[in-house]
Amino acid sequence: MGSDRSIPSLTADSLNPKVLKCEYAVRGEIVSLAQKLQQQLQANPGSYPFKEILYCNIGNPHSLGQQPITFFREVLALCDHPTILDKSKTQGLFSSDSIERARQILDQIPGRSTGAYSHSKGIKGLRDTIAAGIEARDGFPADPNDIFLTDGASPAIQMMMQLLIRSENDGIFCPVPQYPLYSASIALYGGTLVPYYLDEATGWGLEIRELEKQLETARQKGINVRALVVINPGNPTGQVLAEENQRDIVEFCKKEGLVLLADEVYQENIHVPEKQFHSFKKVCCSMGYGDKAIPLVSLQSVSKGYHGECGKRGGYMEVTGFSPEVMEQVYKLATLNACSNISGQILATLVMSPPKVGDESYESYLAEKDGILQSMARRAKMLEDGLNNLEGVTCNKAEGAMYLFPQIRLPNKAIKEAESRKKEPDAYYATRLLYATGIVVVPGSGFGQFPGTWHFRCTILPQEEKIPAIVSRLTEFHQKFMDEFRD
Ligand SMILES: Cc1ncc(COP(=O)(O)O)c(C=O)c1O
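Residues numbered from 1 in each chain as written. Predicted model: local features only at pLDDT ≥ 70, side-chain atom pairs only at ≥ 80, totals over all residues.

Moving on to the site of the ligand. Of all residues adjacent to the ligand, which total 13 residues, the nearest are Gly152, Ala153, Ser154, Ser301 and Ser303. The class makeup of the residues in the shell around the ligand is five nonpolar, seven polar and one charged. (Near = placed C-beta within 6 Å. Nonpolar A, V, L, I, M, F, W, Y, C, P; charged D, E, K, R; others polar.)

Structure (structure tokens):
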């Protein structure tokens, strides 16, 4: 038989080192451990001192029982199966405006089928509707040609990193703490993350002085900083920027020649009456910059807001202030993915153009939306209060988004114990919390944090009736943990 030539095997060492470097904490080690515990619990109920794993690690509302918005799903169902549009029973099962909307959308889809590829930016008629929605939100015009529909905001983030990063000398300014998709995609494309620290003492404030200081430091190291990422409302930190602060950020980007990457996926998630969301597009326009003077990318997603349709993978980026030559290259990148999925495109359109006063669905739509948002605000407050009652824990208000990011001041003995196990102290705390309570949170080290401080991120998404039990389990665990390691 043939010779004994050995076939070179595929090993981790032989892979792209940029892939190896990239880490994504919200689906990291602690989540794999939780999934293992869940299997053990299913095979052997009673093997842990809790009945279920409570996933507070990721902003995935439907996985924890949140119900979809009826109007959105009716339109999606009708678009996916248009033959029922002409059946008489459909009138009784679906609202008149969802039937009407599905007809309008189907008229805009080439071939009237959600099974067909579309234009790489997304279906033109849907982009027209989204542009009108942006215009209604901001009070300034939006151009459908500036809109790229994407499979959630994640591919848009990656596309921008791919576009901007040429080598490790190219830097992307990111908040710390940050949403780890930024650090992961910067690592993947071989750039350098240039951190700017949010100020925990002022409710995770974004200070221009800090931006200036870090920019100077990066430039001294020979880093060419190309873009500033701003997450508003913040993840994991939950702050909502004041309009004046946003104006200063825009001026800073203009002065320093930076692309402003405005991650605005939590724009509907505002929990406090004293804060309001303002898009950076609106802020730029209101400063008289029109939509050409600042290179701005604004991200929106169907995964967040009150709808929380993470699995549908819909979203868009509105790209303004790029030259026609650069836009052509962005478009080329979009064509490599053929197009984003059509259900996600439809959903992104519905999110930016929900039922209006007088539509049959309007009242029920509003009741569903308000019910979800008001409950989220109550859950955020209950968890915030519960966390602030814990020894050595301080938690800023979740003004927006879906998370709390408390600081935990751990006893030295606990930090030493973590070090002896080669774990970050907050990862050790989170692991012990999981084993004791079944609650899954993400250690702060996965998001970045000011050196020497420890945090964890906890979502506000478990159903409201579960929150009191979560708070009491957390309180009991925390007290025991502190007692065990008290110096
Ligand atoms: C700040 C931020 N940006 C973007 C995303 C990406 O979400 P998706 O790709 O589901 O739109 C997330 C998801 O949690 C996020 O928190």
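Once the structure has been displayed, the description carries forward.
A few words now on the sheet that holds strand β6 (residues 259–263). Judged by pairing direction, the sheet is mixed, and its seven strands sit side by side in the order β2-β8-β7-β6-β5-β3-β4 without closing on themselves. Both edges of this open sheet fall to β2 (147–150) and β4 (192–197), since each of them pairs with a single strand only. Strand-to-strand twist in this sheet, taken as the mean axis angle between neighbours without regard to direction, amounts to 20°. As paired strands, β2 and strand β8 (residues 315–320) are joined by four bridges and run antiparallel to one another. By the bridge assignment, Phe148 is partnered in β8 with Met317. (Pairing = 2+ DSSP bridges. Helix = DSSP H or I, 4+ residues; strand = E, 2+ residues; numbered from the N terminus. Axes fitted to C-alpha atoms, helices over the stretch in contact; angles between N-to-C directions.)

Counted at 1.5 Å a residue, the expected span for helix α6 (residues 124–138) with its 15 residues is 21 Å, and the 21 Å between its end C-alpha atoms agrees. When we look at burial in α6, the residues that qualify are Leu126, Arg127, Thr129, Ile130, Ala131 and Ile134. Packed against the buried residues of α6 are α5 (96–108), β2, β8 and α13 (342–351). Just beyond α6, the residue with positive phi is Gly139, at close to 75°. (Expected span 1.5 Å × (residues − 1). Buried ≥ 20, exposed ≤ 12 C-beta atoms within 10 Å, placed from the backbone. Contact = placed C-beta atoms within 7 Å.)

On to the UniProt feature "coiled-coil region" (unreviewed entry) in the chain. According to UniProt, the "coiled-coil region" (unreviewed entry) feature falls on residues 201–228. As annotated, residues 201–228 comprises 46% helix and 18% strand, and the C-alpha atoms at either end are separated by 22 Å. (UniProt positions renumbered as here; feature names shortened; annotations may be inferred.)

It is the contact of helix α16 (residues 425–437) with helix α17 (residues 467–485), at a shortest axis distance of 10 Å, that shows an interaxial angle of 125°. Between α16 and α17, the angle falls in the class oblique. The handedness of the crossing between α16 and α17 comes out as right-handed. Residues Arg432, Leu433, Ala436 and Thr437 of α16 form the contact with α17, whose participating residues are Arg473, Leu474, Phe477 and Phe481. Taken together, the residues that form the contact of α16 with α17 break down as five nonpolar, one polar and two charged. (Parallel < 35°, antiparallel > 145°, perpendicular 65-115°, else oblique. Left-handed = near helix turned anticlockwise from the far one by under 90°.)

For the chain, the domain assignment lists domain 1 (14–52 + 366–485) and domain 2 (116–351). When each unit is reduced to the centre of its C-alpha atoms, the spacing between domain 1 and domain 2 is 27 Å. Of the residues lining the interface, 32 residues belong to domain 1; the matching set on domain 2 comes to 30 residues. Counting residues per element, the side of domain 1 that touches domain 2 draws most heavily on helix α14 (residues 362–388), which supplies six residues. Class assignment for the residues of the side of domain 1 that touches domain 2 results in 18 nonpolar, seven polar and seven charged. (Domains from an automatic or database assignment.)

Most of strand β7 (residues 296–301) is tucked away: six of the six residues are buried. Here β7 shows a buried face lined by Leu296, Ser298 and Gln300 and a second buried face lined by Val297, Leu299 and Ser301. As judged from the four bridges shared by β6 and β7, these two strands associate in the parallel manner. From the neighbouring strand, Leu261 faces β7, where its bridge partner is Val297. With six bridges joining them, β7 and β8 adopt antiparallel strand pairing. Paired with Ser301 across the bridge in β8 is Gly315.

Turning next to the environment of Arg379. With respect to the helices, strands and loops of the structure, Arg379 is situated in helix α14. As a C-alpha pair, Arg379 and Gly290 span 89 residues in sequence and 39 Å in three-dimensional space. Each residue touching Arg379, except ones within four places of it in the same chain, is listed here: Ile460, Glu464 and Ile467.

Turning our attention to the packing of helix α3 (residues 70–80) against α5. Taken N-terminus to C-terminus, the directions of α3 and α5 make an angle of 50°; their axes are 9 Å apart at the nearest point. Between α3 and α5, the angle is such that the two are oblique. Handedness of the crossing formed by α3 with α5: right-handed. Two secondary-structure elements touch here, α3 through Phe71, Glu74, Val75, Leu78 and Cys79 and α5 through Ser98, Ile99, Arg101, Ala102, Ile105 and Leu106. Split into classes, the residues belonging to the contact of α3 with α5 amount to eight nonpolar, one polar and two charged.

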